[in-house]
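These are the residues of each chain, in order.
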Amino acid sequence: MPAAVQHHRPRRNRITRALVVACTGAAVLALPLIGATAASAAAGSSTPTASKTLAGYPNNLDGWIRESLAIMSEKHIPGTYNGIYRNVMRESSGNPRAINLWDSNARAGIPSKGLLQVIDPTFSTYHVAGTSFDIYDPVANITAACNYAAARYGSIDNVHGAY
């Protein structure tokens, strides 16, 4: 090929390529550090005591489920972490203050509330002694809902849709 027809890459492409490679390398090196920091914070090893429940569990979805499971074990209410977690994520996305103001229960004046979207009469009937009487209390809500699911379906693990 004659020299006049040959295509030369502009210098900026080499510089751009070098920057992209360098930034990508830095990101790859930083990801494990970011993950390790987040994992240690999630583990609760350095979590302040203010973020614990009265029973000593982390004051987050993981802790609420674990505390509920401990109570359920004492009261012989069946259920697993995975079954509770799956249903919580479907019902409220993990928001303990969730309230459904549009379904048939809401139209009847008794909206579903809390992590597992329990209505007041069901919460009252299946409330588990030793937990709060506040339907929005995460542990009380989970435990009452699991007690109801055990009576109706055998376990919260058997619930795969609205209940």
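The shown structure was predicted, so the numbers you read here are calculated from the model rather than taken from an experiment.

What counts, and at which threshold
Residues numbered from 1 in each chain as written. Predicted model: local features only at pLDDT ≥ 70, side-chain atom pairs only at ≥ 80, totals over all residues. Heavy atoms only, no water. Core = buried A, V, L, I, M, F, W, Y, C linked by side-chain atoms within 4.5 Å. Buried < 20%, exposed > 50% of the residue type's maximum accessible area, 1.4 Å probe, protein only. Helix = DSSP H or I, 4+ residues; strand = E, 2+ residues; numbered from the N terminus. Contact = heavy atoms within 4.5 Å. Expected span 1.5 Å × (residues − 1). Polar contact = N/O pair within 3.5 Å; in protein donor to acceptor, adjacent residues only side chain to side chain. Axes fitted to C-alpha atoms, helices over the stretch in contact; angles between N-to-C directions. Parallel < 35°, antiparallel > 145°, perpendicular 65-115°, else oblique. Left-handed = near helix turned anticlockwise from the far one by under 90°. Nonpolar A, V, L, I, M, F, W, Y, C, P; charged D, E, K, R; others polar.

A. Summary view of the nonpolar core. Ranked by internal contacts, the top residues of the largest apolar core, which has 25 residues, are Ile84, Ile142 and Cys146. No other element matches helix α6 (residues 138-153), which puts eight residues into this core. In this structure Cys146 touches Met72, Ile77, Ile84 and Ile156, once residues within four positions along its chain are discounted.

B. Focus on the environment of Cys146. Along the polypeptide, Cys146 turns up in helix α6. The class of Cys146 is buried, set by a relative accessible area of 0%. For the pair Cys146 and Leu69, spaced 77 residues apart in the sequence, the C-alpha separation amounts to 9.4 Å.

C. Representation of α6 within the structure. For α6, spanning 16 residues, the distance from its first C-alpha to its last is 21 Å, which sits close to the expected 22 Å at 1.5 Å a residue. When you tally the buried positions in α6, you get twelve out of 16 residues, the bulk of the element. Buried within α6 we find Pro138, Val139, Ala140, Asn141, Ile142, Thr143, Ala144, Ala145, Cys146, Tyr148, Ala149 and Ala150. Contacts from the buried residues of α6 go to α2 (61-75), α3 (81-91) and α5 (120-126). Looking at where α6 begins, the residue whose side-chain oxygen comes 3.2 Å from the main-chain nitrogen of Val139 is Asp137.

D. The arrangement of the packing of α2 against α3 in detail. Running from N to C, α2 and α3 point in directions that differ by 130°, and their axes come no closer than 10 Å. Our classification of the angle between α2 and α3 gives oblique. Two packed elements cross with a definite hand, and for α2 against α3 that hand is right-handed. Of α3, the residues touching α2 (which contributes Leu61, Asp62, Ile65, Arg66, Leu69 and Met72) are Tyr81, Ile84, Tyr85, Val88 and Met89. In terms of residue class, the contact of α2 with α3 is built from nine nonpolar, no polar and two charged.

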